[in-house]
Amino acid sequence: MLLFSIFGYPVAHSISPRLHNAVMQGLNLDGCYIRTPIENPNALMQTFKTLQLSGANVTVPHKEVAFTQCDEVRGIAQKIGAINTLVREGSRVIGYNTDAEGFYEAIKSFGTLHNALILGAGGTAKAIAMILKTHGIETTILNRSRQRLAFFEAEGFTCKTPEAFEGGAYTLIINTTSAGLKDEEYPCDATLLKSLFHHAKFAFDVIYNKPTPFLCLAKECNLTCKDGKEMLLYQGVLAFNLFFSNHYDLKTIESLMRPVFEL
Ligand SMILES: NC(=O)c1ccc[n+]([C@@H]2O[C@H](COP(=O)([O-])OP(=O)(O)OC[C@H]3O[C@@H](n4cnc5c(N)ncnc54)[C@H](OP(=O)(O)O)[C@@H]3O)[C@@H](O)[C@H]2O)c1
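Rules used throughout
- Residues numbered from 1 in each chain as written.
- Predicted model: local features only at pLDDT ≥ 70, side-chain atom pairs only at ≥ 80, totals over all residues.
- Heavy atoms only, no water.
- UniProt positions renumbered as here; feature names shortened; annotations may be inferred.
- 1 Å grid on protein atoms, 1.4 Å probe; cavity = no way out; pocket = protein on both sides within 12 Å on 5 of 7 lines; lining within 4 Å.
- Points joined across faces, edges and corners; volume = space filled by probe spheres on them.
- Helix = DSSP H or I, 4+ residues; strand = E, 2+ residues; numbered from the N terminus.
- Nonpolar A, V, L, I, M, F, W, Y, C, P; charged D, E, K, R; others polar.
- Domains from an automatic or database assignment.
- Pairing = 2+ DSSP bridges.
- Axes fitted to C-alpha atoms, helices over the stretch in contact; angles between N-to-C directions.
- Contact = heavy atoms within 4.5 Å.
- Near = heavy atom within 4 Å.
- Polar contact = N/O pair within 3.5 Å; in protein donor to acceptor, adjacent residues only side chain to side chain.
- Sits in = over half its atoms within 2 Å of the grid points.

The chain appears in an unreviewed UniProt entry as Shikimate dehydrogenase (NADP(+)) from Sulfurospirillum barnesii. Per its UniProt entry, the chain bears the Sequence similarities (unreviewed entry) comment "Belongs to the shikimate dehydrogenase family."

So, about the layout of surface pockets. Gaps left between atoms are located by rolling a probe of water-molecule size over the structure's atoms. Each pocket or cavity is described by its volume, and for the largest pocket that value is around 1600 Å³. Taken together, 49 residues form the lining of the largest pocket, with Val-60, Thr-124, Thr-176, Ser-178 and Leu-181 sitting closest to its centre. For the lining of the largest pocket, the elements supplying multiple residues, two or more each, are β3 (55–58), α3 (63–69), α6 (123–134) and α10 (229–243). Considered class by class, the residues forming the lining of the largest pocket number 22 nonpolar, 19 polar and eight charged. Each of two domains, domain 1 (2–97 + 230–261) and domain 2 (101–227), supplies a minimum of three residues to the lining of the largest pocket.

The sheet built from six strands is open, its strands ordered β9-β8-β7-β10-β11-β12 with parallel pairing. Two strands close off the open sheet at either side, each with one partner strand: β9 (158–160) and β12 (224–226). In this sheet, neighbouring strand axes are inclined to one another by 15 degrees on average, regardless of whether the strands run parallel or antiparallel. Alignment of strand β7 (residues 115–119) against strand β8 (residues 138–142), held across five bridges, turns out to be parallel. Among the inter-strand pairings, Leu-119 is bridged to a residue of β8, identified as Leu-142. Lying on the sheet, α6 is in contact with β7, β8 and β10 (172–175); it crosses β7 at an angle near 170 degrees. Seen against the sheet, helix α9 (residues 213–220) touches β7, β10, β11 (202–205) and β12 and runs at an angle of roughly 165 degrees to β11.

In the vicinity of the ligand there are 23 residues, among which Ala-121, Thr-124, Asn-143, Arg-144 and Ser-145 approach most closely. Backbone polar atom of Gly-123 to an oxygen atom of the ligand: 3.2 Å apart, as the coordinates give it. In the environment of the ligand, an oxygen atom lies 2.9 Å from a nitrogen or oxygen atom belonging to the side chain of Arg-148. Of the pockets mapped on this structure, the ligand occupies the largest pocket. Those elements that place two or more of their residues in the shell around the ligand are α6 and α10. Taken together, the residues that form the shell around the ligand break down as eight nonpolar, 10 polar and five charged. Built from parts of two domains, the shell around the ligand gets at least three residues from each of domain 1 (2–97 + 230–261) and domain 2 (101–227).

Written out as structure tokens, the structure is:
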């Protein structure tokens, strides 16, 4: 039997086992996907090897550390500096980032985008910024503190902290901060957010399990909105395909994974 896992801390809330097990069941594969809470990031690769995993997903807070521990990193993950998918190839562990492509797949329904504003500058913001750049969408990063902006500045993005930000017209506003996840906070000043929404067409929040104040305000301002559900779905679809050497059709995987969100 093939074994897969989600690595992170905490992981009790993770929906990944349900997503991947549903597909393995649907395809009659002899495999199982489990949760493995890992507190110490130095234990990531050893745990992967001890459990004899065929693949794993990595979530908060280990994506950046995992990047440094893979035998090889492929694709856009090389530019992002963070990985969310580990795949065993013989005795080697290969790292990928499917968050970036997962996000892009989720915003395809928005059509052509001229520019975007990302709120937050963590690992998820890096993945989203790099995929938007790949697709030629001009992107600005707004973060409450300066420190994490260095990566984005080095990549040529326009970067701002709230003190130096005067607003502007952005087609898409993306919340990648955890503001609103366990509280009722906005990711930035509410008046500023209202003015940004006034000029925007689309709002996206990477948080998927609750209507955040960010998305509620965007809806009030009549924007087309999306939460992080589809991003999570597509990153899972792409990760599953990597686990099985791209053997399966993406649409088939999606059709087996999607119903899990409706349970
Ligand atoms: N839907 C999906 O598929 C998907 C995929 C990946 C991640 N996510 C979600 O994305 C979120 C962010 O993950 P991450 O790994 O990028 O986190 P992270 O690396 O810890 O970065 C968090 C960012 O949010 C900012 N921030 C945190 N709380 C804030 C607040 N109250 N107000 C303003 N800014 C705040 C931080 O600013 P400072 O630099 O000032 O601290 C930082 O820039 C998590 O909720 C995660 O679950 C969803």
